[in-house]
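Remarks on the overall topology
What follows is each chain in one-letter form.
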Amino acid sequence: MITGDDLSMFLAVGALLHQLQTFNKSPAARRTITLIILGTLIPVSVYHCWADEIYVHQITFASMVLLCGRKIRQLVREQIPSAEQRNRLLNLANAGLGTGVFGYLLWNIDEHFCGHLTAVKHAIGMPWSFLFELHGWWHICTGIGAYVGMAVVEYLVTIEEGKTDKIEEGFVWPVKAILRDFEGVTSAKKTK
């Protein structure tokens, strides 16, 4: 059964992939990359909705996540001069990815064992049955993972000569705390 969840996954990772792949590219290259991304996502989405088939969608989504992860790591190596800051930013990105993957695992459990989970929820009753609402936890976990990924990418593509102009103020915890601390790490090392 097709839901908006399936297609919203493409919107989130597609926007992230586009931002990563078009960063520091010429206008012609940006157009080409945009056409490639749209030329992949639109037919896959139409096929997914028409055929009610999930595997092509999952393979496309996983491929896009892998491309994003690879490009994020490349940009961290290129944009972040401090090894300590690189490690912290990569740990943040890994935490976001891990949260998203955990949410995807919960979604799969819910997808394949929905009847069993519903029986458990009925047996336990409210208020504790909400713990077994794995589809809801999927939304929470993937939302956190997407947010962290988008925040890391936004930070990476706005770095200019080591100055972020307090970009961290636009984010919430944990991204805000980690990015704010970057300035402290840099300042502390300069004074030593």
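All figures in this text were calculated on a predicted structure; none of them were measured in a lab.

**Examining the UniProt feature "transmembrane region" (unreviewed entry) in the protein chain**
Here the UniProt feature "transmembrane region" (unreviewed entry) sits at residues 28-48, 89-107 and 136-157. With 100% helix and 0% strand, residues 28-48 has its two end C-alpha atoms placed 30 Å apart. For residues 136-157, the helix share is 100%, the strand share is 0%, and the end-to-end C-alpha distance is 32 Å.

**Remarks on the UniProt feature "binding site: Zn(2+)" (unreviewed entry) in the protein chain**
The positions UniProt marks with the feature "binding site: Zn(2+)" (unreviewed entry) are H135 and H139. Its place among the elements puts H135 in helix α6 (residues 134-158). Residue classification places H135 among the partly exposed positions, given a relative accessible area of 26%. Looking at the element boundaries, H139 is found in helix α6. Polar contacts involving the side chain of H139 include one to the side chain of H135, which spans 3.1 Å.

**A short note on the nonpolar core**
One broad trend across soluble globular proteins is that nonpolar side chains are buried collectively. Formed by 30 residues in total, the largest nonpolar core has its most connected members in L20, I72, I80, L89, V152 and L156. Those elements that place two or more of their residues in this core are α1 (4-22), α2 (27-51), α3 (55-79), α4 (83-112) and α6. By residue number, the principal contributor to this core is α6, which donates seven residues. Setting aside its immediate chain neighbours within four residues, L20 contacts C68, K71, I72, L75 and V153.

**Some points on unusual backbone geometry**
A cis geometry characterises the amide bond from M126 onward to P127, with omega recorded as 10°. Within the element layout of this structure, P127 appears in the loop between α5 (114-124) and α6. The backbone of N24 sits at a positive phi, close to 60°, despite the residue not being glycine. Position of N24 among the secondary structure elements: in the loop between α1 and α2.

**Regarding the packing of aromatic side chains**
For any pair of aromatic rings, geometry is given as the distance between the ring centres together with the angle between the planes. Under the definition given, this model contains three aromatic pairs. Measuring from ring centre to ring centre gives 6.0 Å for W107 and W138, while their planes differ by 40°; the resulting arrangement is tilted. With W107 in helix α4 and W138 in helix α6, this pair connects stretches of sequence that are 31 residues apart. Judged by its relative accessible area of 4%, W138 is buried. Counting every residue linked through ring pairs, the aromatic cluster contains Y104, W107 and W138.

**With respect to the environment of I159**
Structurally, I159 can be placed in the loop between α6 and α7 (175-191). The spacing of I159 and Q79 is 80 residues in sequence and 7.2 Å in space, taken between C-alpha atoms.

**Notes on a nonpolar patch on the surface**
On the surface, L38, I42, V46, Y47, W50 and V56 cluster together into a nonpolar patch covering about 620 Å² of accessible area. Broken down by element, the residue count for the nonpolar patch peaks at five residues, all from α2. Structurally, the position occupied by W50 is in helix α2. With a relative accessible area of 71%, W50 lands in the exposed category.

So, how was this worked out
Residues numbered from 1 in each chain as written. Predicted model: local features only at pLDDT ≥ 70, side-chain atom pairs only at ≥ 80, totals over all residues. Heavy atoms only, no water. UniProt positions renumbered as here; feature names shortened; annotations may be inferred. Helix = DSSP H or I, 4+ residues; strand = E, 2+ residues; numbered from the N terminus. Buried < 20%, exposed > 50% of the residue type's maximum accessible area, 1.4 Å probe, protein only. Polar contact = N/O pair within 3.5 Å; in protein donor to acceptor, adjacent residues only side chain to side chain. Core = buried A, V, L, I, M, F, W, Y, C linked by side-chain atoms within 4.5 Å. Contact = heavy atoms within 4.5 Å. Phe/Tyr/Trp six-rings, centres within 6.5 Å; stacked < 30°, edge-to-face > 60°. Patch = residues over 30% accessible without salt bridge, like charges linked within 9 Å, V, L, I, M, F, W, Y side chains within 5 Å. Areas by Shrake-Rupley, 256 points an atom, 1.4 Å probe, with all protein chains shown as cover. Salt bridge = Lys/Arg side-chain N within 4 Å of Asp/Glu carboxyl O.

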